[in-house]
Structure formats: structure tokens, C-alpha cells
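Residues per chain, in single letters:
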Amino acid sequence: LILGFIIPLKVVGMPLVISILYVWCQVNHDTIVQFWFGTQFKAMYLPWALAGFNVLLGGNGIMELLGIFVGHVFFFLKYKYPIDFGGASFLNTPQILYKYFPNRSGGVSGFGQAPASRRPAPQEGRHEWGGAGHRLGGE
């Protein structure tokens, strides 16, 4: 977003999406992804394939390259430099965001178990109408 002020960009949507995609692709670099017409390749090449496809369709690819650059800088400062090179961590999540978005690991929960019953408990003093009942207009 800061580059959007330095480079006179009106909309930074595409570089932002490509930068998020680039970080995901670097974290999951060995995942096989599918592109147009069933083309399969490793996820680490997906941002480059999107940039090349945009150029092939007549675009200039500058927005995609800007997104790849920003994503690479973020990935390097967040993961590569602190973990692989033992450097300081420059990009930390502010602690107030953990209050609103907890840092849970283990994926999505709730699948594989029946939801709790939302039926209210029967109240005392009320009659529970049981039985099979009779259809109206029938015998």
C-alpha cells in the first residue's frame, strides 16, 4: 500500500491480491495447482504464470510484477530472514489484532461432530402432545 503512494496508482487491488498469492505460493511451494485448461504445476510458479498470462492477453504485467515484488519483500522479511538467516523479525503482528482474530492452529474445527441441539428443553406444566395423530379429511 505504501508503494501505491510512491508510484501514482489509483487502485492497488491487483498488486495486493498478487502479493498475498505470492506469499501463499511460497509457503506452499510444493503444492500442485491447476491453471487454465487443466495445466498443472507447482504453486511457486503461479504468480509468474498469472503475470505471463496477463501479458499474453495484452496487458503490460506491471501490476503483477509489483505484487510479486511486494510479496517477495514481505516473505523475505517475515519468514526467510528471521528463520533461515537468524536475523531480527521486522514484521510482527500487533498484539491488539490477536484480541479480534485469535491465532488458532489446527485448521477449521467443528467438522465431524453433530451440532448441539437448539431445541428448547420442555417446560414444566405444559403438555407434550404425543402420538401419531390423524390426517384431516381422512378416515
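Above this text is the structure in question.
Residues numbered from 1 in each chain as written. Predicted model: local features only at pLDDT ≥ 70, side-chain atom pairs only at ≥ 80, totals over all residues. Heavy atoms only, no water.

(A) Structural view of the overall build of the chain. A count of helical and extended segments in the chain gives 5 helices and 2 strands. Listing the helices and strands of the chain from first to last along the sequence gives α-α-β-β-α-α-α. Expressed as a percentage of its 139 residues, the buried residues of the chain come to 18%. Once local pairs closer than 6 in sequence are excluded, the contacts in the chain between residues at least 24 apart make up 38%. Approximately 11900 Å² of the chain is accessible, and the part contributed by carbon and sulfur atoms is 63%. (Helix = DSSP H or I, 4+ residues; strand = E, 2+ residues; numbered from the N terminus. Buried < 20%, exposed > 50% of the residue type's maximum accessible area, 1.4 Å probe, protein only. Contact = heavy atoms within 4.5 Å. Areas by Shrake-Rupley, 256 points an atom, 1.4 Å probe, with all protein chains shown as cover.)

(B) Broad picture of the side chain of Gln26. Relative to the helices and strands, Gln26 resides in helix α2 (residues 13-27). Exposure remark for Gln26: the relative accessible area of 17% places this residue in the buried category. Not counting residues up to four positions away in its chain, the partners in contact with Gln26 are Met44 and Phe75.

(C) The arrangement of the packing of aromatic side chains in detail. According to the stated counting rule, one finds 8 aromatic pairs in the structure shown. Note on Phe75 and Tyr79: the rings are 5.3 Å apart at their centroids and 40° apart in plane angle, and the pair reads as tilted. With Phe75 and Tyr79 both in helix α4 (residues 62-84), this residue pair falls 4 residues apart, about one helical turn. On the basis of relative accessible area, Phe75 is assigned to the buried category, the value being 10%. Since its relative accessible area comes to 32%, Tyr79 is described here as partly exposed. With centroids separated by 5.9 Å and ring planes inclined at 35°, the aromatic side chains of Phe76 and Tyr81 adopt a geometry described as tilted. A relative accessible area of 32% means that Phe76 is categorised as partly exposed. Note on Tyr81: relative accessible area 28%, which makes it partly exposed. In this structure an aromatic cluster arises from ring pairing among Phe35, Trp36, Phe37, Phe41 and Phe53. (Phe/Tyr/Trp six-rings, centres within 6.5 Å; stacked < 30°, edge-to-face > 60°.)

(D) Structural view of the side chain of Ser19. Here Ser19 shows up in helix α2. When near neighbours in sequence (up to four residues on either side) are disregarded, Ser19 contacts Gly67, Val70 and Gly71.

(E) Focus on the nonpolar core. Listed in full, the 10 residues of the largest apolar core are Ile18, Leu21, Tyr22, Cys25, Val33, Phe35, Phe41, Ala43, Leu46 and Ile68. Counting residues per element, this core draws most heavily on α2, at 4 residues. Apart from the residues lying within four places of it in its own chain, the contact partners of Cys25 are Ala43, Met44, Leu46 and Pro47. (Core = buried A, V, L, I, M, F, W, Y, C linked by side-chain atoms within 4.5 Å.)

(F) A look at α4. A maximum bend of about 45° is found in α4 at Phe76. In the segment just after α4, Gly86 is the residue with positive phi, at about 70°. (Bend = angle between axes of the 7 residues up to and from the residue.)

(G) Spatial organisation of the packing of α2 against helix α3 (residues 46-56). One way to put it is that α2 packs onto α3 with a least axis distance of 8 Å and a crossing angle of 145°. Residues Ile18, Leu21, Tyr22 and Cys25 of α2 lie in contact with α3, whose contacting residues are Leu46, Pro47, Trp48 and Leu50. Split by residue class, the contact of α2 with α3 holds 8 nonpolar, no polar and no charged. (Axes fitted to C-alpha atoms, helices over the stretch in contact; angles between N-to-C directions. Nonpolar A, V, L, I, M, F, W, Y, C, P; charged D, E, K, R; others polar.)

(H) Molecular detail of unusual backbone geometry. Even without being a glycine, Phe37 presents a positive backbone phi close to 60°. Within the secondary structure, Phe37 sits in the loop between β1 (32-34) and β2 (40-42).

Function cannot be read off these values alone, since they describe shape.
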